[in-house]
Amino acid sequence: MKVKLLSRNPDDYVRETKLDIQRVPRNYDPSLHPFEVSREYTRALNATKLERVFAKPFLASLDGHRDGVNCLAKHTTNLSTLLSGSCDGEVKVWNLTKRECVRTLQAHEGFVRGMVVRHCGTSFFTVGDDKTIKQWKIEAPAYGEEEEPLNTILGKTVFTGLDHHRKEGVFATCGQQVDVWDEQRSSPIRSFTWGVDSFSAVRFNPVETELLASCASDRSIVLYDMREPAPLKKVIMTMRSNTVCWNPMEAYYFTCSNEDYNLYTYDMRHLEKPITVHMDHVSAVLDLDYSPTGKEFVSASFDKTIRIFPKDGGHSREVYHTKRMQHVICIKWSADNKYILSGSDEMNIRLWKANAAEKLGVLAPRERQAANYSRKLKEKYQHHPQIKRIANHRHLPKIIYHQTREQRVMKEARRKKERNVRKHSRPGTVPVVSEKEKHVVTVVK
Amino acid sequence: MAATSEAVVNPAHVEKTKKPPARYWDELQDGKDENKVGKDGEQTGETLSQKHVEKAKKRKNDEDRGDAKKFISGKPDPFPGPAHISKDRMQKFKRRDKTKKIPRQHYKLKDMMARSDEVSEMAQKQAARIDLLLPEDAGFLEGDEDEDTCTISQEDISDAVDITSASKYFDLKLSQFGPYRLDYSRTGRHLLLGGRRGHIACIDWQTKRLMCEINVMESINDVKWLHSEAMYAVAQKKWLYIYDSNGIELHCIRKFNDVLRMQFLPYHFLLATVSATSFLQYLDVSVGKEVAAINTKTGRLDVMCQNPQNAIVHLGHSNGTVTLWSPNQKEALVKMLCHQGAVRSVAVDKTGIYMVTSGMDKKLKVYDIRAFKPLKSYFLPAGASCLSLSQRGLLSAATGDIVQVYRDVWSTPVTKPYMAHRVQRTVWGMHFCPFEDVLGVGHGEGFTSMLIPGAGEPNFDGLDSNPYRSAKQRQEWEVKALLEKIHPELITLDPTELGQVDQATSQQKHQDRVQALGFDPLAKEKFIPRYKKKGRSSAGSIERRKRQVANEDLRETVQQSSEDKMKIEKERKEREKKEVLLSSKKSALDRFKK
C-alpha cells in the first residue's frame, strides 16, 4: 500500500515573528475563484462610486487682481510660475506652490491683450490696448531699480494676441493683420492680411514651428507659413472662432473654440470637414488649451464653466464650476499634466486638478497599484448602464442644467423638422448633412 | 541585462580613440584567449581586437535574434528562449477564445482588440508559469498488486501516515443527542456539529479545541456556518436561529419557519433555506434582509445543494425531479426528471459541470448540467441516502451505515468504490473538509472523521480562504469580501453572461432605426381600395380589387427572387468557365504531373 495524505507544515504558511509580513500563498486556478466577472463588476461599481466621492477638483483661488483676468501665460521652464494679465493693464507673476503673488507690474494702459514667455524662460512679452509690445524680464527688478520693460515696440494698431516661436527669437502678433516680428527689429518682418479687418488669436505650431494659425473676425481660421509671403489657406465657418490651439503631440490637428457653443478639431491637411465637433457648452467658448500629452483639452466658456474634452470625443468628460466663478476668460493646462488654471471675470485665478478624483502627492506603491487596478476596472466596465450612469453624473448649476435641456429640445425639434421635410419632398432634394459638415461654409486656398 | 548590454559596446569603434574601461569579464576572456594562443606565440594585439570585434558582432546578432543568449562567461544558454508551458496548463487558465477578426473593422477597434488579446494571453501564460511553483501535491492511495484500495481500512492508513495526519482520523462518541448533521467552515479549520436532539458544538477540529457547546432544547434540522467562523445558522424546530462562535444567540428569524436544509452562498452573503412548507427563502446575512421568498409548490423540501460556480440552488423532490432556482425568478429555472422514485440527495462538483443525484430507485446518476444531459447511471443495491463531492472530485455516498467513496464517477464507468468505511449507525450528514484529505461523517453515534487521500485541494489561495489566517487577516478579508459582495440580481445560470457583449437583436436594431428616422423604412403602405360609385364598391368587388393588388405584389416578389437566382446562376457559370479556361491552359511543367 502506498499512501500520501495532505499534510502541511504550518511553518510554511504562518509568519515566523510578528515583525514579518503575513504570508499569502496564491493559487490562480480559476475554479478556486468563482464569480470572476460578477466580482469584478462589483469592484468596478465600487471604484466608480469612490471616484465620485473623491472628486474634489478645486484646489485654490489666487486673488489680487483689481480687474478681470484677461490672459494667462505658463512659464516655459518653471512649473510653479504663472503669469496673468488683467483688464486694467496689470501683470502679476504668481508662485503656484506658495499660492501667492511674487511680483506686480503695470504693463499697459487698458487691457493686457496677450502675454507669452520666451522659450528660454528669462523674459516675457505683453501686448496691450495701448498699441505697444513690451518685453519684460522674468526676474523682479533689484531694490531701488525701476520697473521698466527691456524693450518696447510701438505698433500702428491695437494688438489682440501674441505668440512666440518655439526655438527662435521670433514672435507673432495679431490685430488688424498678423505680424511676424524679429525680436531685434522694431518693425515686423512679415505681415499677413487676407481681406479681413481683425484677428482675435494667433498660435505657432509647436512641432512644425514655422506654421501659424489664427482666428479672424470674418468667421475664418487662417493658416500661414512664416517663410512664405502669403497665407496658406483658410476655412470659413458659420460662426466666429475665438481662439485656436494646436495639439502638441499630433501637431497637424488643431482645435478652435467657437461662438456657436462648440469646439472643432480640424486636421490641417483637410479643412473641408472637422475631425470632431465637441459639444456641451451652453454659451460661447472663449479659450482652450491642450494637455501636454495631447490626449485631452480644456475649454473655458462664457457660461461660467470649464469643460475637459477628450481630443476625439464629442462630449466632455468633466465639467468644473463654482458658485462664484463668472465668465471664464482664459484657461491653461499645466505642463505637468496635473493642474488646470483658469482666469475669470471676477478677478480670480483658480487652480483645479486635471483629474478630479486623483490623489495628489507621493503615492505608496500599493496605493498606486490599487489606483491603477481600479482605473482599469472602470475602463473595462464603463459601458454597463449602472456604472455609466454613476460615472457620467455631474451636478450642474440650475441655469446650465436647464439651458442644456433647452438646447437639446431645440436641436431635436430642428432635426424633426428636417426629417419631416425630407420625408415629404422628392428623394434626393433634401440631402442629409452631417453635424460636422454643417458648420463649415467653405475652404479658400 | 545591464551587464550584457554593456558588453556589447562596439570595441572596434572605441579602439580607435580610447580603450574601453577594464571589466573583470574582459580580463577573464583575454586571459583565456592568451592561454589558447600561447602556442602560436606571435599573436598580436591587432588580431585580438579583431576577434573582439567579431565576437561583439556575433553577440549583437544573437541579441537581435532574441534567443540563444550567452552568459557573461561566454557560455551559451543551454535553455534558450522562454520555458515551455504544457498545453493542459494553458488550457486550465484559458478564459476566452481569441477574438475573431472581422473584416473591415475600424482600425482603432482592431488595435484595441489585438492589444487586449495580447494582454490576456500574457496573463494566461504567467498564471500557467506560476502554477509550476505551487508548493503542495495532492494525496493519493495505491494498493499493492491484487489489493483493492477499498479493502484498506482507516486504521491501516492512519498507521501508515505521519502523526499529524493520523490524528485527523478520530471518532466522537455522542450517542445521547444524535444523529448529527455537520458543516465545515470555508477554510476547513472549524467544524460545526448539530445533533437531532438539540446539541450544537463548534470545534477547531485540527487542534481538537472546543469553541462552544450548547443545547438548544429543541430539535435541530440543519446547521451551517456563515461567511466566517464567527457565526453560524441553526435550523431549529420552528424558527431559524443565528448564534455566534461562543454560543450566544444573535438572532431568531421568525420569517424563516420550519427550515429543513440550508445552503450558504459565500460570495453573495446569502443564506438559502428550504422548509417543510415548500418555501425557498434567501436571507442576506450582511444586512439581515430577506431577499426572496419563493413558494415552490412542491411539498416538503429536504434535498438541497448549491452550484458553487453560479450560486444556483438545486432542489430534489419526491416525484423524482430536480429543480434549479435563483432568487430572481418565482419559477424554477430548470426542471429535470432524474429518478423514477423520490430524489434522496443531490451534489454539484466544484467546477459546476457535473451534478450527482441519488434516488429511491437505488440509482446514482451523473449529469452534465451545462447541457442538462445524463452522463452515467449506476445501480447501488442499498441506495445512497447522502452524497458529497470533494474539491478534487471524489464522491462519497452513504448507504445505510456504510460510507463509500468513488473516484472519477463522470469520466470512467466505476465498478467498485475507491474506499469504504462502516460507521456505527445510520449516516445523517456527510461533508468533505475543504483543503484537507478528510471526510466528516455525522451519524447516530456521533461523528467520525475519515482519511480520504486525494480528496482535498492541496494549494489554497491565501486571499480567498486561508486555513492559516490570523485574526487580522480574517478581519481584512471580511471587509474586502463585504465590499465585493455580489448583488443577488446577478445570479444567473451562466455567471460569465455579465462580461459578454449584449448584442441587440435585429428586431431591436430595426426599432432603433425607426426611432431615429421617424418612420419605418421597410413598412409598406396598406392598400385601401378607393370607393367607387355605381355599385362597383360592393363587398365582392372590393375584395377582388384587394386580391388583384396582392397578386401583383406577389408576382413582383417572385419575379425579383427568380431574377436574383438567375443572376447568381449566371455568375457561377461565368466563374466556372473562367476556371476551366485557366485550367485548360497548358504549362510547360504539366508534363511532369502524374
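What counts as what
Residues numbered from 1 in each chain as written. Chains lettered and ligands numbered in written order. Predicted model: local features only at pLDDT ≥ 70, side-chain atom pairs only at ≥ 80, totals over all residues. Helix = DSSP H or I, 4+ residues; strand = E, 2+ residues; numbered from the N terminus. Buried ≥ 20, exposed ≤ 12 C-beta atoms within 10 Å, placed from the backbone. Contact = placed C-beta atoms within 7 Å. UniProt positions renumbered as here; feature names shortened; annotations may be inferred. Nonpolar A, V, L, I, M, F, W, Y, C, P; charged D, E, K, R; others polar. Pairing = 2+ DSSP bridges. Axes fitted to C-alpha atoms, helices over the stretch in contact; angles between N-to-C directions. Parallel < 35°, antiparallel > 145°, perpendicular 65-115°, else oblique. Expected span 1.5 Å × (residues − 1). Core = buried A, V, L, I, M, F, W, Y, C linked by C-beta atoms within 7 Å.

Chemist: I keep staring at the overall build of chain B and nothing clicks. Help me out?
Modeler: A tally of helices and strands in chain B yields 11 helices and 29 strands. Within chain B, buried positions represent 32% of all 594 residues. Once local pairs closer than 6 in sequence are excluded, the contacts in chain B between residues at least 24 apart make up 47%.

Chemist: What should I look at first to understand the overall build of chain A in this one?
Modeler: Looking only at helices and strands, chain A features five helices and 30 strands. Projected onto its principal axes, the C-alpha positions of chain A cover 105 × 80 × 45 Å. A separation of at least 24 residues holds for 47% of the contacts in chain A among residues at least 6 apart in sequence.

Chemist: How should the UniProt feature "repeat: WD" (unreviewed entry) in chain B be read in this particular structure?
Modeler: Following the UniProt record, one finds the feature "repeat: WD" (unreviewed entry) at residues 336-377 of chain B. The span residues 336-377 of chain B is 0% helix and 60% strand, and its two end C-alpha atoms sit 15 Å from each other.

Chemist: Looking at this model, I keep getting lost on the interface of chain B and chain A. Mind explaining?
Modeler: When the parts of a complex come together, some accessible area is lost, and that lost area is often taken as the interface size. Each partner contributes residues to the interface: chain B has 54 residues there, and chain A has 35 residues. At the level of secondary structure, the elements contributing two or more residues to the side of chain B that touches chain A comprise helix H6 (107-131), strand E1 (140-142), helix H7 (154-160), helix H8 (163-166) and helix H9 (471-483) of chain B. When the residues that make up the side of chain B that touches chain A are grouped by side-chain class, the tally is 25 nonpolar, 14 polar and 15 charged. One ladder, built from three bridges, connects strand E1 (residues 2-4) of chain A with E1(B); its direction is antiparallel. Looking across to E1(B), one finds that A:Lys2 is bridged to B:Glu142.

Chemist: Please clarify how the packing of helix H1 (residues 36-54) of chain A against helix H2 (residues 365-380) of chain A should be interpreted in this entry.
Modeler: For any two helices packed against each other, the geometry is given by the interaxial angle and the distance between the axes. Residue and element names in this part refer to chain A. One can describe the packing of H1 onto H2 by two numbers: an axis separation of 9 Å at closest approach and a directional angle of 105°. Overall, the two elements H1 and H2 adopt an arrangement that is roughly perpendicular. Across from Glu40, Arg43, Ala44, Ala47, Thr48 and Glu51 in H1, the residues of H2 making contact are Ser374, Leu377, Lys378 and Lys380.

Chemist: Honestly, the sheet that holds strand E28 (residues 438-443) of chain B in this entry has me stumped. Any pointers?
Modeler: Consider a sheet: its strands pair through backbone hydrogen bonds, and that pairing is either parallel or antiparallel. All names here are of chain B. Spatial ordering of the open sheet is given by E2-E29-E28-E27, a layout of four strands whose pairing is antiparallel. The sheet terminates laterally at strand E2 (170-173) and strand E27 (427-432), the two strands that pair on one side only. Averaged over all neighbouring strand pairs, the angle between strand axes comes to 15°, with direction disregarded.

Chemist: Is there a simple way to explain the UniProt feature "domain: Sof1-like protein" (unreviewed entry) in chain A in this structure?
Modeler: In this structure's numbering, the residues bearing the UniProt feature "domain: Sof1-like protein" (unreviewed entry) are residues 354-440 of chain A. Across residues 354-440 of chain A one finds 62% helix and 1% strand; the C-alpha atoms that close the span lie 31 Å apart.

Chemist: What exactly am I supposed to notice about the pairing of strand E25 (residues 402-406) of chain B here?
Modeler: Residues in a regular strand project their side chains so that they alternate between the two faces of the sheet. All names here are of chain B. Where burial is concerned, most of E25 is hidden: four out of the five residues are buried. Where strand E24 (residues 395-399) meets E25, five bridges bridge the pair, whose relative direction is antiparallel. Within the sheet, the bridge partner assigned to Leu395 lies in E25 and is Tyr406. Hairpin connection between E24 and E25: a loop of two residues separates the two successive antiparallel strands, and Gly400 in this loop has a positive phi of roughly 65°. Here four bridges tie E25 to strand E26 (residues 419-422), and the two strands are oriented antiparallel to one another. Bridging across to E26, Ile402 finds its partner in Arg422.

Chemist: Would you mind showing me how to read the UniProt feature "repeat: WD" (unreviewed entry) in chain A here?
Modeler: All names here are of chain A. The UniProt entry lists residues 62-104, 278-309 and 321-362 under the feature "repeat: WD" (unreviewed entry), expressed in the numbering used here. As a span, residues 62-104 carries 0% helix and 58% strand, and end to end its C-alpha atoms are 13 Å apart. Counted over residues 321-362, helix gives 0% and strand 43%. Its end C-alpha atoms are 27 Å apart.

Chemist: It is not clear to me how the sheet that holds strand E4 (residues 81-86) of chain A should be interpreted in this structure. Could you clarify?
Modeler: Residue and element names in this part refer to chain A. Spatially, E3-E4-E5-E6 is the arrangement adopted by the four strands of the open sheet, whose pairing is antiparallel. Of all the strands in the sheet, the pair left with one neighbour each is strand E3 (69-74) and strand E6 (100-106). Strand-to-strand twist of the sheet, defined as the mean angle between neighbouring strand axes without regard to direction, takes the value 20°. When E4 meets strand E5 (residues 90-95), the two strands line up antiparallel, connected through five bridges. For Gly85, the partnering residue across the bridge sits in E5 and is Val91.

Chemist: Is there a simple way to explain the UniProt feature "domain: BING4 C-terminal" (unreviewed entry) in chain B in this structure?
Modeler: Within this numbering scheme, the UniProt entry marks residues 417-495 of chain B as carrying the feature "domain: BING4 C-terminal" (unreviewed entry). Span residues 417-495 of chain B is 16% helix and 28% strand, its end C-alpha atoms 34 Å apart.

Chemist: Would you mind showing me how to read H9(B) here?
Modeler: Since the α-helix packs 3.6 residues into each turn, any two residues three or four apart lie on the same face. Spanning 13 residues, H9(B) covers 18 Å between terminal C-alpha atoms, matching the ideal 18 Å at 1.5 Å per step. Burial of H9(B) is sparse: only zero of the 13 residues sit out of reach of the surface.

Chemist: When you look at the nonpolar core in this model, what are you seeing that I'm missing?
Modeler: One broad trend across soluble globular proteins is that nonpolar side chains are buried collectively. One finds B:Val234, B:Leu271, B:Leu315, B:Val356, B:Leu395, B:Val403 and B:Ile452 to be the most contacted residues of the largest nonpolar core, which totals 104 residues. Residues contacting B:Leu395, with those up to four places away along its chain left out, are B:Val356, B:Leu387, B:Leu389, B:Val405, B:Tyr406 and B:Val409. If you look at the next biggest cluster of nonpolar residues, it comprises 83 residues, including A:Leu72, A:Phe125, A:Ile306 and A:Tyr339.

Chemist: Any chance you could explain the packing of H1(A) against helix H3 (residues 385-392) of chain A here in plain terms?
Modeler: Residues and elements named next belong to chain A. Between H1 and H3, the shortest axis-to-axis distance is 9 Å and the interhelical angle comes to 10°. As far as their axial angle goes, H3 and H1 are roughly parallel. Between H1 and H3, the contacting residues are Ala44, Leu45, Thr48, Lys49 and Arg52 on the first element and Gln386, Ile387, Ile390 and Ala391 on the second. Here the contact of H1 with H3 is built from residues that sort into five nonpolar, two polar and two charged.

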